[in-house]
Amino acid sequence: MSHSAEPIPMTARRSGPLKGEAKVPGDKSISHRALILGALSVGETHITGLLEGQDVLDTAKAMQAFGAQVERLGTGEWKVNGVGVGGFAEPEGVIDCGNSGTGVRLIMGAMATTPVTATFTGDASLSRRPMGRVTDPLELFGCEVTAREGKRLPVTIKGAAEPVPVRYKTPVASAQIKSAVLLAGLNAPGETVVIESEPTRDHTERMLAGFGATITTEVTDEGRVITLKGRPELVPQPVAVPRDPSSAAFPVAAALIVPGSEIRVPGVSRNPTRDGLYVTLLEMGADITFENPREEGGEPVADLLVRHGPLKGVTVPPERAASMIDEFPILSVIAAFAEGTTLMQGVHELRVKESDRIAAMVAGLRANGASVEDTDDTMTVHGTGGLSGGATAITHLDHRIAMSFLIGGLASEQPISVDDGSPIATSFPDFLPLMTGLGGQIG
Ligand SMILES: O=C(O)C1=C[C@@H](OP(=O)(O)O)[C@@H](O)[C@H](O)C1
Ligand SMILES: C=C(OP(=O)(O)O)C(=O)O
């Protein structure tokens, strides 16, 4: 389902110190994968901590359409009765993935090597995003693809009746491409190999191994070589979804820029393939401590203690981009509150997210008084230790743009508004109550 058609304007105002505990929702990437692997297993997968954002709910609905039984047992607690690898039924209707690139691309991969036909759609944002990056490698398995001009949605895939395994080097650093190919490889005989020159989030590999697939990762001169043995029987596993480091970034940023703040964010994933923002913040001089490090549900997690303090501008190297790809919008806001210049390199992929995130941040930050520049592959913010605010940022159906500007408004001189906060529900449905609970003035 695409989210509400009615825009919901929101405004954030300069707030007093933020205090308390921020229990951010479950990890979005892991939530999608838990539902999809649950649907491809034989038997019952029990999930706790699932993100109940619209993106993930759309994936749950899609798994039902392909024949899995998906049931909500309580808050964040779900069970999936799967149909097994190669067991997807042909869906009756169109699969609407709403705003979710991860949902549509991973599900395309999961069905491409099963002899069923499905048509995928999404909202206006998803319909602008490139799908050829996934359908091109999927065609190598033997499926047939028809798409709108420019390889955009709607896309129809006729799954391969006799799939062949594939060896594929990803042309851009993308966990969605890697995951789509691996999921397609599940129902191909023999070994499917994905080679990535830059490491990207590894949740698919971790979870496939957890569900009993034979999968190995070798670090070579070419990059990471991931080899999956096809046609495993996936065995259901309990999945405890850790809290999302990409969502945690918003209250963390707020605590760093609102004077006098001190907050705790418990149980956040510290998977090294997702940790780039936190590495960067420490380099900026942020006061963050990682307490009680432990392993939960196969992922390293820790409790974050975050305090306001002075920040300085830094250079973020291009090889770090993949490990913080969704965090650049909020980093650009934090950078405006730092002293000195922050240069973000290797960020061209931001141009094909829910919006062109570089263009959206540059426009909104400039309107609110920041000095910002961009090239195709970089974004530069000249921090002055504050932001004047006073303008409305355009969010272009992009949850991260909306949340980033609202966080900026908690510490800017004048309020900051966004034209439409409704997309926030795709990844962080409780963003407003959580932030107001810490003392933030947003509404
Ligand atoms: O695999 C995933 O769960 C994701 C991968 C990233 O996209 P790309 O693979 O397009 O970089 C990220 O931006 C997205 O939010 C989630
Ligand atoms: C890019 C994102 O998600 P997706 O690609 O799944 O739409 C995101 O959540 O920032």
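A quick note: this is a predicted structure, and the numbers were derived from the prediction, not measured. (Residues numbered from 1 in each chain as written. Chains lettered and ligands numbered in written order. Predicted model: local features only at pLDDT ≥ 70, side-chain atom pairs only at ≥ 80, totals over all residues. Heavy atoms only, no water.)

**Brief notes about the overall build of the protein chain**
Looking only at helices and strands, the protein chain has 13 helices and 24 strands in total. Computed over its C-alpha atoms, the radius of gyration of the protein chain comes to 21 Å, within 12% of the 22 Å expected for a compact globule of 443 residues. Taken along its principal axes, the extent of the C-alpha atoms in the protein chain is 60 × 50 × 45 Å. Out of the 443 residues in the protein chain, the part that is buried amounts to 60%. The contacts of the protein chain with a sequence gap of at least 6 include a subset with a gap of at least 24, amounting to 77%. With the model as given, the accessible surface of the protein chain reaches about 15300 Å², and the carbon-plus-sulfur share is 51%. The average position of the 38 basic charges and that of the 53 acidic charges among the side chains of the protein chain differ by 1 Å. (Helix = DSSP H or I, 4+ residues; strand = E, 2+ residues; numbered from the N terminus. Rg over C-alpha atoms; globule rule 2.2 N^0.38 Å. Buried < 20%, exposed > 50% of the residue type's maximum accessible area, 1.4 Å probe, protein only. Contact = heavy atoms within 4.5 Å. Areas by Shrake-Rupley, 256 points an atom, 1.4 Å probe, with all protein chains shown as cover. Lys, Arg positive; Asp, Glu negative; His and termini not counted. Charge placed at Lys NZ, Arg CZ, Asp CG, Glu CD.)

**Things to note about the site of ligand 1**
Taken together, Lys28, Ser29, Arg33, Thr102, Ser174, Ala175, Gln176, Arg201, Ile325, Asp326 and Lys353 make up the full set of residues adjacent to ligand 1. In this structure, an oxygen atom belonging to ligand 1 sits 2.8 Å away from a side-chain N or O atom of Lys353. Taken by itself ligand 1 offers 390 Å² of open surface, and the protein chains cover 94% of this. Among the elements of the structure, helix H1 (28-39) and helix H6 (175-185) are those that each provide at least two residues to the shell around ligand 1. Per-domain counts for the shell around ligand 1 show at least three residues from each of domain 1 (10-26 + 243-442) and domain 2 (28-232). (Near = heavy atom within 4 Å. Polar contact = N/O pair within 3.5 Å; in protein donor to acceptor, adjacent residues only side chain to side chain. Domains from an automatic or database assignment.)

**Section: the site of ligand 2**
Taken together, 13 residues sit near ligand 2, with Lys28, Gly101, Thr102, Arg129 and Arg400 positioned nearest. Note that an oxygen atom of ligand 2 is positioned 2.9 Å from one of the side-chain N or O atoms of Gln176. Measuring from an oxygen atom of ligand 2, one finds a side-chain N or O atom of Glu354 at 2.9 Å. When isolated, ligand 2 has an accessible area of 300 Å², and the protein chains bury 99% of it. Among the cavities detected, the one that contains ligand 2 is the largest pocket. Elements with a minimum of two residues in the shell around ligand 2: helix H3 (101-111) and helix H12 (399-409). Partitioning the shell around ligand 2 into residue classes produces no nonpolar, six polar and seven charged. (1 Å grid on protein atoms, 1.4 Å probe; cavity = no way out; pocket = protein on both sides within 12 Å on 5 of 7 lines; lining within 4 Å. Sits in = over half its atoms within 2 Å of the grid points. Nonpolar A, V, L, I, M, F, W, Y, C, P; charged D, E, K, R; others polar.)

**A few points about the UniProt feature "binding site: 3-phosphoshikimate" (unreviewed entry) in the protein chain**
According to UniProt, the positions carrying the feature "binding site: 3-phosphoshikimate" (unreviewed entry) are Lys28, Ser29, Arg33, Ser174, Gln176, Asp326 and Lys353. Lining of the largest pocket among the annotated residues: Lys28, Ser29, Arg33, Ser174, Gln176, Asp326 and Lys353. Mapped onto the elements of the fold, Arg33 is located in helix H1. Look at Arg33 and you get buried, because its relative accessible area is 3%. Sequence-distant contacts of Arg33, that is, excluding residues within four places in its chain, are made with Gly38, Thr102, Leu106, Ala175, Ser179, Arg201, His203, Thr204 and Met207. Looking at the secondary structure, you find Ser174 in the loop between strand S10 (167-169) and H6. For Ser174, a relative accessible area of 7% gives the class buried. In this structure Ser174 touches Arg133 and Thr200, once residues within four positions along its chain are discounted. (UniProt positions renumbered as here; feature names shortened; annotations may be inferred.)

**Observations regarding the domain arrangement of the protein chain**
Interface size is often expressed as the accessible area that is lost when the parts come together. The domains assigned to the protein chain are domain 1 (10-26 + 243-442) and domain 2 (28-232). The gap between the C-alpha centroids of domain 1 and domain 2 is 28 Å. Summed over both partners, the interface of domain 1 with domain 2 buries about 2100 Å², with 46% contributed by carbon and sulfur atoms. As a salt-bridge pair, Glu299 and Arg206 come within 3.9 Å of each other at their nearest N and O atoms. Remark: the boundary between domain 1 and domain 2 carries 13 residue pairs in polar contact (both at pLDDT 80 or more). (Buried area = accessible area lost by both parts, 1.4 Å probe. Salt bridge = Lys/Arg side-chain N within 4 Å of Asp/Glu carboxyl O.)

**Focus on unusual backbone geometry**
Working note: non-glycine residues mostly have negative phi, and peptide bonds are mostly trans. Between Leu153 and Pro154 the backbone carries a cis peptide bond, its omega angle lying at -5 degrees. Mapped onto the elements of the fold, Pro154 is located in strand S9 (residues 152-158). Positioned with a positive phi, Asn292 is a non-glycine residue whose angle comes to about 55 degrees. With phi around 50 degrees, His396 is a residue other than glycine that occupies positive phi space.

**Observations regarding the side chain of Arg357**
As for its position among the elements, Arg357 is in helix H11 (residues 357-367). The class for Arg357 is buried, based on a relative accessible area of 1%. Of the polar contacts made by the side chain of Arg357, one reaches the side chain of Glu354; its length is 3.0 Å. Residues in contact with Arg357, not counting those within four places in the same chain, are Asp326, Pro329, Leu350, Arg351, Asp398, His399, Arg400 and Ile401.

**Quick notes on the packing of aromatic side chains**
Inspection of every chain in the model, using the stated rule, returns four aromatic pairs. A centroid spacing of 4.7 Å and a plane angle of 25 degrees characterise the contact between Phe66 and Phe88, whose relative ring orientation is stacked. One end of the pair, Phe66, is in the loop between helix H2 (54-65) and strand S4 (69-74); the other, Phe88, is in the loop between strand S5 (77-83) and strand S6 (95-96), and 22 residues separate them in sequence. Since its relative accessible area comes to 0%, Phe66 is described here as buried. Ring geometry for Phe250 versus Phe431: centroids 6.3 Å apart, planes at 85 degrees, classification edge-to-face. Highlighted residues: Phe250 in helix H8 (residues 245-257) and Phe431 in helix H13 (residues 431-437), separated in sequence by 181 residues. Accessibility expressed as a relative area gives 1% for Phe250, which makes it buried. The rings of Phe250, Phe428 and Phe431 are connected pair by pair, giving a single aromatic cluster. The cationic tip of Arg270 hangs over the ring face of Phe290; the distance from NZ or CZ to the ring centre is 3.6 Å. (Phe/Tyr/Trp six-rings, centres within 6.5 Å; stacked < 30°, edge-to-face > 60°. Lys NZ or Arg CZ within 6 Å of the ring centre and 35° of its normal.)

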